[in-house]
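Fold and contact review
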Amino acid sequence: MCGRFALTATPDRAAAFLGLPELEDFPPRYNIAPTQPVLMAIAGVPRASGSNLPDRQPMLVRWGLIPAWVKDTREFPLLFNARSEGAAEKASFRAAMRHRRALVPASGFYEWRQSGGKRGQPYWVRPKHGGLVAFAGLIETYAEPGGSEMDTGAILTVDANADIAHVHDRMPVVIDPQDFARWLDCRTLEPRDVADLLRPAQLDFFEAVPVSDLVNKVANTGPEIQERGPEPEKAGRRNPGADDSQMSLFQQ
């Protein structure tokens, strides 16, 4: 499960990491939740031979994938995550896995560990050595009944590795930079050709830092939600619910 994440790097750093052209300015985002707009990157139009221009393009996507065949979104669940196991065969994700694979830049993600009947203990899960990560994403363009189109997306998940398993049994799929081109290549590579990339992150890549419950409220969007809190003695798992709050990626 990945129900919240953060992107606090500057636009220049995010663009350089993903191999994108210059990005429009946007502020740090410390508490990104489902239904909000998120930045994703997809393969762009192939460049001419010898060109050194980026061949990837950014997209602003609503976090919560809606398959093209859905008739009534009010009766359809919020698909902000997609289990990587079987995503290529599942009706909701099959077309996106084949035609619209994407990268989701992040500074880390949040997960909840439950303790009996108590509220879950939140953790900020970040790369041990800092920097950005790219989650495996999927994009689907949904045509609303009125005729307008909306780009929607989901983050692929996989069984958690030993660094995260004590917090939650799932984690986002992380695509390593050397594999960006393979993952994004939907022209020549089918889902089976990139299935080996759908694996847990390497051990010791992430660290899980306990934080306060400020992150539970989507309205809390400042850096204080990532401040280290006391390590709980006993905990289990809790998943944050989706929130209907909307926030523009370019909101200041």
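This report concerns the structure included in the present document.

Quick word on the overall build of the protein chain
Helix and strand content of the protein chain: 3 helices and 12 strands. Expressed as a percentage of the 252 residues in the protein chain, the buried residues total 50%. The long-range share in the protein chain, meaning contacts at least 24 apart out of those at least 6 apart in sequence, stands at 70%. Surface summary for the protein chain: the accessible area is close to 12100 Å², and the carbon and sulfur share equals 49%.

Considerations on the packing of aromatic side chains
Going through the model one piece at a time under the given rule, you end up with 9 aromatic pairs. Relative to Phe-180, the ring of Phe-17 lies with its centre 5.5 Å away and its plane at 85°, an arrangement referred to as edge-to-face. Here the residue Phe-17 occupies a position in helix H1 (residues 11–18), and Phe-180 occupies one in helix H3 (residues 180–184), the gap between them amounting to 163 residues. Phe-17 sits in the partly exposed class, given a relative accessible area of 23%. Owing to a relative accessible area of 2%, Phe-180 belongs among the buried residues under this scheme. For the ring pair Phe-109 and Phe-135, a centre distance of 6.0 Å and an interplane angle of 75° mean the geometry is edge-to-face. With Phe-109 in strand S7 (residues 108–115) and Phe-135 in strand S9 (residues 133–143), this residue pair connects regions lying 26 residues apart in the sequence.

Here we look at the pairing of strand S6 (residues 101–106)
Judged by how many residues are buried, S6 sits mostly within the fold: 6 of 6 residues are covered. Where burial is concerned, the two faces of S6 agree: the one with Arg-101, Leu-103 and Pro-105 and the one with Ala-102, Val-104 and Ala-106 are both buried. Two elements, S6 and S9, share 6 bridges in a ladder whose sense is antiparallel. If you follow Pro-105 over to S9, its bridge partner there is Ala-134.

Some points on unusual backbone geometry
Its identity is not glycine, yet Thr-35 carries a phi of approximately 80°, on the positive side. Within the secondary structure layout, Thr-35 lies in the loop between strand S2 (29–32) and strand S3 (37–43). Overall, the relative accessible area of 5% leaves Thr-35 in the buried class. Not every positive phi belongs to a glycine, and Asp-204 is a case in point at roughly 75°.

Observations regarding the pattern of salt bridges
The tally for this structure, following the rule as stated, stands at 10 salt bridges. Residue Arg-74 pairs with Asp-72 through a salt bridge whose shortest N-O separation is 3.1 Å. Residue classification places Arg-74 among the exposed residues on the basis of a relative accessible area of 75%. The salt bridge partner of Asp-176 is Arg-199, with a shortest N-O separation of 3.7 Å.

Reading guide: rules and limits
Residues numbered from 1 in each chain as written. Predicted model: local features only at pLDDT ≥ 70, side-chain atom pairs only at ≥ 80, totals over all residues. Heavy atoms only, no water. Helix = DSSP H or I, 4+ residues; strand = E, 2+ residues; numbered from the N terminus. Buried < 20%, exposed > 50% of the residue type's maximum accessible area, 1.4 Å probe, protein only. Contact = heavy atoms within 4.5 Å. Areas by Shrake-Rupley, 256 points an atom, 1.4 Å probe, with all protein chains shown as cover. Phe/Tyr/Trp six-rings, centres within 6.5 Å; stacked < 30°, edge-to-face > 60°. Pairing = 2+ DSSP bridges. Salt bridge = Lys/Arg side-chain N within 4 Å of Asp/Glu carboxyl O.

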